[in-house]
Amino acid sequence: MDQEGCELSHLMRRITETPPDFLEEPRLGPQGIVVVSAVVSDLCSWHHVDPGVAALDAFATGTPKADRNRLRVSLLLSWVLADGWFRSLDLRTAPLVPLLLQGASELSEHVAVEKLVSDPERREELARFCLARLGFRPLGETRAQAEDRLTSLSAAERARVLRASRDAEARARAVREALARKAAEESADKYTRE
Amino acid sequence: MTDPSDAERYPTLSEAGRQMLQRLREHPHAPMFKNESGNRLTQQDVETVRAFQLEVAEAVVAEQREEAAPWLAEFLVGVYRDVPFYRAMGGAPRRLGDVPTVTRADLSHDVARFVPDSAPVERMINFRTSGTTGHPLLIASHPVVAASYLAFHQRALRRFDVTLRASSGDVGVVLLGYQRKCFTYVSVTPTLNEAGLVKLNLYPADWRNPEDRRKYLEDLRPEVLAGDPISFVELLKLGSTLRPRALLSTSMALLPALRQELEATFACPVVDLYSLNEAGPVAAFDARAGGHVLLQHRMLVEILDAAGKSAPSGERGEVTLTGGFNFCLPLVRYRTGDFASLELRASEPVLIGLEGRAPVRFRTHAGEWLNNIEVTHALHALALRQFRLHQAASGALLFRVAGRARHEAELREALLRLFGAEQALVIEELDNADGKLLQYSSELAP
């Protein structure tokens, strides 16, 4: 975060204005619409970055169950990084592809892409995350301020996700126990049985 | 683990209902009931189920297109919000085709992940299936869901001009089994003013005297008999004078010869239901429609190819279900393992050529591969009640059939015409008490 970047509100507004095409389903096998590797390739061309075949392949492979959200975050990041402010920069040596790949993977583990657009705090986190991973801090902030705010935003979300995960596990346990009860085993009347 | 009380099993039981239970249990010819169960419906549940019956009776089952299912978008949003398995994938896709399909193996792995957060655990019940695919399954359900089956049975029966009339003092239904081990009990149906419900096993060991089977059934005079083809074959052997108003057949294919024999013997319609523990009654066979007519108005049926792509109208593929009425287990693109094509006939969606489980391919003596539906067609003209065909790794065929002596010559001729005159073929008698039939199997892989 050594360099001062653009205004945070500018990027947050861009995220709010994400066109529906960038929230479409990633193509994986017979499912989905958007070929994410092609979008990433176009973005890299604008920034004069060669992503390499192996990296592009990672945007085209996977399963909807495991990789859908990761690829949708990559797609959203592509929209953000195609902003005029980023395009005015020389990003040839910046970690653009790692941001689109590993960065998307990190974000996708704790937040659904819809929430990155609709929730103000997640929008802010996404905007700060993009700037930070490319070595920038929001205009008008010190490095310490920018680091603190990003850490606090992502820590709060990770804590929420952890709580939700614990709740989900407790609920799954309750369902399994309910199904194992004698009363559940006795079932209930149906006019036919399969 | 404490046993539920009768108050939990029959929350709305009246004196008339209690007397019905007593009659069913203590009848001089009653079987030895092995288990206990009940309707578990509160008065509010009864009203909910009655309202649902009206809704189902009046509903139109539309053409099976995403655009013709106005409930679908909201359903998907709800599932992606409330069901852990889907929530983990992010927000709901806008098109159903972008939702990954799931199979019995996914449900079998951990069904709890498919149960919505909104489903009340305190009243949850389960339906357990051993299955024929190697994936035993525990289905999460609810007393209201179980009671709601009747709405679809009534819809199916209306196609055959049967309106259920059983009420207080009558026996509404006897569910028949024929298995060495079978869950048996008595109950009453509150939505039919506590008409009696009996689930019994025709297997002789469940009775003090085998002759009691006929006497008990004849004295109960149930309005409906429900069962699978195996139990119906045993029912025929009893030589009873029963006159039910309808027979409901589930669980496995009902062959035309058995249907005709049942219709002639009992002088009533025999309705072959395509029903799954995972989804309830999906469709009912109606020869006038040429197949199984869909019954559920909040379910979307797709026919998918092996890659998960929608097959064009009229093309065979895997029957895949979305929606349904089990609010404890909403299905999204659930691949049933059953195969059919789907057509719109007289503005009704109809499953054509429905065959349970994945197609099995058989090798002829000349090395040509045949789909099991070709065997079905080749045997269609024969009056077979039940059969099973297995091909060993050597290519030899074992055909097991109920009533071997009567059918052997014509069967041999039909099968050798299909497989070649030199084909190794053994024909044996089928033992009915082996449980659910896996009709086709093979040790050979094409």
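These numbers were taken from a predicted model, which means no experiment stands behind them.

So, how was this worked out
Residues numbered from 1 in each chain as written. Chains lettered and ligands numbered in written order. Predicted model: local features only at pLDDT ≥ 70, side-chain atom pairs only at ≥ 80, totals over all residues. Heavy atoms only, no water. Buried < 20%, exposed > 50% of the residue type's maximum accessible area, 1.4 Å probe, protein only. Helix = DSSP H or I, 4+ residues; strand = E, 2+ residues; numbered from the N terminus. Pairing = 2+ DSSP bridges. Right-handed = clockwise from strand over helix to strand, strands pointing away. Core = buried A, V, L, I, M, F, W, Y, C linked by side-chain atoms within 4.5 Å. Contact = heavy atoms within 4.5 Å. Axes fitted to C-alpha atoms, helices over the stretch in contact; angles between N-to-C directions. Parallel < 35°, antiparallel > 145°, perpendicular 65-115°, else oblique. Left-handed = near helix turned anticlockwise from the far one by under 90°. Nonpolar A, V, L, I, M, F, W, Y, C, P; charged D, E, K, R; others polar. Expected span 1.5 Å × (residues − 1). Arc of directions from axis to C-beta. Salt bridge = Lys/Arg side-chain N within 4 Å of Asp/Glu carboxyl O.

1. Points about the pairing of strand E7 (residues 224-227) of chain B
Residues and elements named next belong to chain B.
Logical step 1: Here E7 shows no split at all, with Val224 and Ala226 on one side and Leu225 and Gly227 on the other all buried.
Logical step 2: Of the strand pairs in this sheet, strand E4 (residues 171-177) and E7 are connected by 3 bridges, and their pairing is parallel. In the strand pairing of E7, Leu175 is matched with Ala226.
Logical step 3: Sheet topology note: the E7/strand E8 (residues 246-249) ladder contains 4 bridges and is parallel. Of the residues in E8, the one forming a bridge with Ala226 is Leu248.
Logical step 4: With helix H9 (residues 229-237) bridging E7 and the parallel E8, this β-α-β connection has right-handed handedness.

2. Some details on the nonpolar core
Logical step 1: Counting 55 residues, the largest nonpolar core has Tyr86, Met124, Val282, Leu321 and Leu351 of chain B as its most contacted members.
Logical step 2: Setting aside anything within four residues of it in sequence, one finds Leu351 of chain B in contact with Tyr274, Ala283, Gly291, His292, Leu294, Val301, Ile303, Val319, Ala340, Ser341 and Leu342 of chain B.
Logical step 3: Judged by nonpolar contacts, the second largest core, of 46 residues, contains Leu43, Val80, Val97 and Ala127 of chain A.

3. So, the sheet that holds strand E18 (residues 387-391) of chain B
All names here are of chain B.
Logical step 1: Strand order in the open sheet made by the 4 strands is E20-E19-E18-E21, with mixed pairing throughout. Looking at strand neighbours, the two that pair on one side only are strand E20 (425-429) and strand E21 (440-442), the edges of this open sheet. When strand polarity is set aside, the average angle formed by the axes of neighbouring strands in this sheet is 15 degrees.
Logical step 2: Packed onto the sheet, helix H11 (residues 372-379) meets E18, strand E19 (397-401) and E21 and runs at close to 130 degrees relative to E21.
Logical step 3: Sheet contacts for helix H12 (residues 404-419): E18, E19 and E20; angle to E20, the most-contacted strand, approximately 155 degrees.

4. Concerning the pairing of strand E15 (residues 348-355) of chain B
Residue and element names in this part refer to chain B.
Logical step 1: With 2 bridges joining them, strand E11 (residues 291-294) and E15 adopt antiparallel strand pairing. From the neighbouring strand, Val293 faces E15, where its bridge partner is Val350.
Logical step 2: Here strand E14 (residues 331-345) pairs with E15 via 6 bridges, running antiparallel. Bridge assignment links Leu344 to a residue of E15, and that residue is Pro349.

5. Points about the packing of helix H4 (residues 64-81) of chain A against helix H6 (residues 96-110) of chain A
Residues and elements named next belong to chain A.
Logical step 1: Relative to each other, H4 and H6 sit at 130 degrees, their axes nearing to 8 Å. Considering their axes alone, H4 and H6 lie oblique with respect to each other. Between H4 and H6 lies a crossing whose hand is right-handed. Here Asn69, Arg70, Val73, Ser74, Leu77, Ser78 and Leu81 of H4 come into contact with H6, specifically with Leu96, Leu99, Leu100, Leu101, Ala104, Ser105, Leu107 and Ser108.
Logical step 2: Grouping the amino acids of the contact of H4 with H6 by side-chain chemistry returns 9 nonpolar, 5 polar and 1 charged.

6. Brief notes about helix H2 (residues 15-26) of chain B
Residue and element names in this part refer to chain B.
Logical step 1: The terminal C-alpha atoms of H2, which comprises 12 residues, lie 16 Å apart, in line with the 16 Å expected from a rise of 1.5 Å per residue.
Logical step 2: Taken together, the buried positions of H2 are Gly17, Met20, Leu21 and Leu24. Buried residues along H2 cover an arc of 100 degrees about the axis, so they all sit on one side.
Logical step 3: In this structure, the buried side of H2 is in contact with E4, strand E5 (185-189), strand E6 (195-201) and helix H8 (212-220).

7. Quick look at the environment of Ala424 of chain B
Residues and elements named next belong to chain B.
Logical step 1: For Ala424, the position within the fold is in the loop between H12 and E20.
Logical step 2: We classify Ala424 as partly exposed; its relative accessible area is 43%.
Logical step 3: Distance from Ala424 to Leu397, taken between C-alpha atoms, is 6.1 Å for residues 27 residues apart in sequence.
Logical step 4: Once residues within four sequence positions are removed from consideration, Ala424 is found in contact with Ala396 and Leu397.

8. So, the pattern of salt bridges
Residues and elements named next belong to chain B.
Logical step 1: With the rule as written, the count across this model stands at 47 salt bridges over all chains.
Logical step 2: Between Arg95 and Asp98 there is a salt bridge, with the nearest N and O atoms lying 2.7 Å from each other.
Logical step 3: Residue Asp98 is classed as buried on the basis of its relative accessible area, which comes to 7%.
Logical step 4: Across the pair Arg288 and Asp286 runs a salt bridge whose closest N-O atoms are separated by 2.9 Å.

9. Remarks on unusual backbone geometry
Residue and element names in this part refer to chain B.
Logical step 1: Located in the positive-phi region is Ala267, a residue other than glycine, with phi close to 50 degrees.
Logical step 2: Structurally, Ala267 is set in the loop between helix H10 (256-266) and strand E9 (270-276).
Logical step 3: In the Ramachandran plot, Ala346 falls in the positive-phi region, its phi being about 50 degrees despite a non-glycine side chain.
Logical step 4: With respect to the element layout, Ala346 can be found in the loop between E14 and E15.
Logical step 5: Owing to a relative accessible area of 73%, Ala346 belongs among the exposed residues under this scheme.

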